[in-house]
Amino acid sequence: MDSPSAPEPVPDSTADDSATHEPSTGTAVDHASTAAPSADKTVNGPSADEPTAEATAAEASSAEPAGDETRTDSSRSEQASQTPQTSRASQTSRASQTSQASQTEQAQQAEQTHSPARTSTPSTPDAAEASAGQDPSVVRARVAPGEPDSASTEPSATSETNAPVTPARVAPREPDSASRKPGAASETTAPAPPASPTPPTANESSSERTSEFVALKPDLPPPPRPRPDDSPRPAAPPPASASASASASDEPERTREFAAPPRVDSDRTMALTRPPAPEAAAPATATGSGGAAEPPPPLDLLAQLTNTPPKAETLGRTLGRRIKIWGTLAVLLAIVLVTVQALRPLPTPTLKLTGKSGYTADGGALSLPWPSEGQAVVDINGLGHMGSYGEMNPLPIGSVAKVMTTYLILRDHPLKSGDKGPSIPVDQKAQDDYTNGVKEKESVVEVKAGQQISELEALQAVMLPSANNVARLLARWDASTEEAFIKKMNDTAKELGMTKTTYTDASGLIESTVSTAEDQVKLAKRAMADPMFRQIAKLPSYTSTTTSGGGTLETARTQRNFNKLVPLYGVVGIKTGSTTKAGGNLLFAAEKTVGDSKQLIIGAVFGQHKPNIIETATAASKSLVLAAGKALRIETVVKKGEVVGRVEDGLGGSVPVVAAKDLTVPVWSGATVDIKLTDGGKELPHSAKAGTEVGTLTVGSGAGEAKVPVTLQSDLAEPSFGAKLTRIG
């Protein structure tokens, strides 16, 4: 059998078995003496009419073979001993026990057939037990009190054999008090049978066979044995039917012992079977498993042994668990933050001015020779406003409007020094404007339809002799129509901040073209920044290619500049303009050398109506140019080595910067100039040695700009690791 299920227990003999002995034989053989050590019977206790161990041993020693008639019929004796076993197996449905008993019976019958005759012995309870002990499949069991022994219900029988009988040793019987106690549970020791029983040989009897001893688990102590005086003897055995029913009713109350597992091939295993609770006893099955509880699976047993109940939840454990979880998350977040902060690109260092941002020269306000009427303004280009005169209200400016026309042509069609530019065809409108201009006493230059005039010559004609007809020709050439060009003029005026200026024609002849001295000074500063504009504006005259060479001003080959100040007193331009409505107007520019720099004086005198209006405006402009040049002087604004700013690394670190040399600036009495610290368009380093040039200290702009380099006062170091970690943004 594959499963180590316990065989059906066999009822033990009681003291009443003495009735089955036959005194005629003279010999009683106790077959229990030949049983294997593993099948020893556990006796619950002696009774009054049951022979003791010494009496049984003496009787066995005095027995002698008596011939064929005294031989015990082993087959009938075994059948008598098997009767209660069969009944018990039927009650508990253990088919495996019946099969094992049948195999044992067949093996013994075969032995009787081929063995010599043996001495017949009376069929006693001990003999039945001994016979059952020869087979490992026989199970010893305690019988509840009052249950009749099956061996006493049948007459003893004898059998004749041909083999001589070997005297058997009679094992001393232990007192079995449990079998005499009413209601005591039966104990079963059930060694499993081998896979296939080996039949006895010719020279070996069934009484001489020994069963194989299978040791139980060493750490399981044997069950305690009750004392003999604790087993009360029943008054009278109940009938067989009552015994059977009592045995069946006591079946759930049996206390099962741990049985040795069956041997499968050469592998020996031991199984631990726990006694089930009476109410949970499993019914017998056809496989012979009986009511024995199956051992739990190994994994379940391991879980029962290793699993421990969780500890009681407390506030301390809850806080500890949360601290572990959130602490771990905080550590991970800190690691990520440190890594990101350390690997982030460093911010670009910046240069910041910490010294004075401006400088005011000593002395009071400067007094200049202003005109008696109109408007006047004087500026030092790049340094500031020197002074002004009059209300800056829009007024007609005449030909001064041609400054915007020339500026736009050079801006959109720039020329290089020595380059005349593209040729411009003269249209009929330009010729007609010349003819009509002579009649109206306008300033015009002779041109004829079909002629070609260069851009450079056309600009010279507009700026020096102030040719109205050529100005309109350039407007049509640039924007296709004069109206489109006029729109461009007004848009540019807004871009330059000329808020009080309005253009209505490209020549300025129309009195609706108005502006102020301040607005035109703004335009002049921008126009004088173009080298070609300055080159044209400072010319005293040019040679015309379109004129006939006549004796009149309009037909002369040499066309002269209407600004009579050029090239006197350092005057380099710019443009005159006069009409009856506008009066005399002059936008001028003069160069003045101050110290090591050349400063540009730009001013305007508008609205001069005293005759001769153009000469009055020219004289007033001359006075202003001379007075402004005289008022300019050099002063040291910043000394060498003076701290003017610092380099900031963007993470809280900074290094001071100092001026590399003295900064001298042209100023005038009471003048205020702005000071700026710039990096000069270069990217600042993250680390550098002391004395490294890192920027420029600048005063003014344009032509009047003055600047000196600045250097590091000490070493510039890269931000520290701590600064990298703590930076924000």
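Note: the structure precedes this text.
As a starting point, this report considers the structure included with it. Everything quoted here is computed from the prediction, not taken from an experiment. (Residues numbered from 1 in each chain as written. Predicted model: local features only at pLDDT ≥ 70, side-chain atom pairs only at ≥ 80, totals over all residues. Heavy atoms only, no water.)

**Here's the deal with the overall build of the protein chain**
Logical step 1: For the protein chain, the helix and strand inventory stands at 16 helices and 24 strands.
Logical step 2: Across the 729 residues that make up the protein chain, the buried fraction comes to 45%.
Logical step 3: When contacts within the protein chain are restricted to residue pairs at least 6 apart in sequence, those whose partners lie at least 24 apart make up 75%.
Logical step 4: Counting every atom, the protein chain has about 36,000 Å² of accessible surface; 55% of that belongs to carbon and sulfur. (Helix = DSSP H or I, 4+ residues; strand = E, 2+ residues; numbered from the N terminus. Buried < 20%, exposed > 50% of the residue type's maximum accessible area, 1.4 Å probe, protein only. Contact = heavy atoms within 4.5 Å. Areas by Shrake-Rupley, 256 points an atom, 1.4 Å probe, with all protein chains shown as cover.)

**Comments concerning the side chain of Thr-406**
Logical step 1: Secondary-structure assignment places Thr-406 in helix α8 (residues 402-412).
Logical step 2: For Thr-406, the contacting residues outside a window of four places in its chain are Leu-459, Val-462, Met-463 and Phe-533.

**Concerning the environment of Leu-368**
Logical step 1: Note that Leu-368 resides in the loop between β6 (358-360) and β7 (375-380).
Logical step 2: Residue class for Leu-368 comes out buried when judged on its relative accessible area of 7%.
Logical step 3: Considering only alpha carbons, one finds Leu-368 and Met-386, 18 residues apart in sequence, at a separation of 9.0 Å.

**Side note on the nonpolar core**
Logical step 1: Within the largest apolar cluster, 59 residues are counted, with the highest numbers of intra-cluster contacts made by Met-404, Phe-485, Tyr-503, Leu-523, Phe-533, Ile-574 and Leu-587.
Logical step 2: Those residues in contact with Phe-485 that lie beyond four places of it in its chain are Thr-405, Leu-408, Ile-409, Ala-475, Asp-478, Ala-479 and Ala-506.
Logical step 3: One finds Ala-590, Ala-617, Val-638 and Val-708 within the second-largest nonpolar core, a separate group that totals 51 residues. (Core = buried A, V, L, I, M, F, W, Y, C linked by side-chain atoms within 4.5 Å.)

**Concerning the sheet that holds strand β15 (residues 571-579)**
Logical step 1: Spatially, the five strands line up as an open sheet ordered β8-β7-β17-β16-β15, and their pairing is antiparallel. Both outer strands of the open sheet, β8 (384-389) and β15, are each paired with one neighbouring strand and no more. Sheet twist, expressed as the mean angle between neighbouring strand axes with direction ignored, is 10°.
Logical step 2: Here β15 runs beside strand β16 (residues 583-594); their pairing, made up of eight bridges, is antiparallel. Within the sheet, the bridge partner assigned to Thr-576 lies in β16 and is Leu-586.
Logical step 3: Against the sheet, helix α13 (residues 517-527) engages β7, β15, β16 and β17 (597-608), with an angle of about 145° to β17. (Pairing = 2+ DSSP bridges. Axes fitted to C-alpha atoms, helices over the stretch in contact; angles between N-to-C directions.)

**Quick look at the packing of α8 against α13**
Logical step 1: Contact pair α8 / α13: the axes reach a minimum separation of 11 Å and the direction vectors enclose 30°. Viewed along their axes, α8 and α13 adopt a mutual orientation that is roughly parallel. Crossing of α8 against α13: the hand is left-handed. Every residue of α13 that contacts α8 at Val-403, Met-404 and Tyr-407 is listed here: Leu-523, Arg-526 and Ala-527.
Logical step 2: For the contact of α8 with α13, the per-class residue count stands at five nonpolar, no polar and one charged. (Parallel < 35°, antiparallel > 145°, perpendicular 65-115°, else oblique. Left-handed = near helix turned anticlockwise from the far one by under 90°. Nonpolar A, V, L, I, M, F, W, Y, C, P; charged D, E, K, R; others polar.)

**Looking at a nonpolar patch on the surface**
Logical step 1: The grouping of Ile-325, Trp-326, Leu-329, Val-331, Leu-332 and Ile-335 at the surface amounts to a nonpolar patch, some 620 Å² of accessible area in total.
Logical step 2: One can find Leu-332 in helix α7 (residues 315-343).
Logical step 3: The exposure class assigned to Leu-332 is partly exposed, which follows from its relative accessible area of 49%. (Patch = residues over 30% accessible without salt bridge, like charges linked within 9 Å, V, L, I, M, F, W, Y side chains within 5 Å. Salt bridge = Lys/Arg side-chain N within 4 Å of Asp/Glu carboxyl O.)

**A short note on the sheet that holds β6**
Sheets are built from strands paired through backbone hydrogen bonds, the pairs being either parallel or antiparallel.
Logical step 1: One open sheet accounts for seven strands, arranged β5-β19-β20-β24-β23-β22-β6; its pairing is antiparallel. Two strands close off the open sheet at either side, each with one partner strand: β5 (350-353) and β6. Sheet twist, expressed as the average angle between the axes of neighbouring strands with direction ignored, equals 30°.
Logical step 2: Note: strand β22 (residues 672-678) against strand β23 (residues 693-699), four bridges, orientation antiparallel. Residue pairing in the sheet places Leu-677 in a bridge with Leu-697 of β23.

**Section: helix α12 (residues 482-495)**
Note on helix geometry: an α-helix contains 3.6 residues per turn, so any two residues three or four positions apart are oriented the same way.
Logical step 1: Its 14 residues place the ends of α12 20 Å apart at the C-alpha level, agreeing with the 20 Å of an ideal helix rising 1.5 Å per residue.
Logical step 2: Along α12, the residues that are buried comprise Glu-482, Phe-485, Ile-486, Met-489, Asn-490, Thr-492 and Ala-493. The buried residues of α12 occupy one face: seen down the axis, they fall within an arc of 160°. Exposed side chains of α12 directed beyond 90 degrees from the buried face belong to Glu-483, Lys-487, Lys-494 and Glu-495.
Logical step 3: On the buried face of α12, the contacting elements are α8, α9 (428-440) and α11 (468-479).
Logical step 4: Immediately beyond the C-terminal end of α12, within one or two residues, lies Gly-497, with a positive phi of roughly 80°. (Expected span 1.5 Å × (residues − 1). Arc of directions from axis to C-beta.)

**Focus on the pattern of salt bridges**
Logical step 1: According to the stated counting rule, one finds 15 salt bridges in the structure shown.
Logical step 2: A salt bridge links Arg-411 to Asp-412; the shortest N-O distance between them is 3.1 Å.
Logical step 3: Its salt-bridge partner being Asp-491, residue Lys-487 comes within 3.0 Å of it at the nearest N-O pair. Separated by four residues within a single helix, Lys-487 and Asp-491 lie in helix α12, roughly one turn from each other.

Function-wise, these values are silent; they only describe arrangement.
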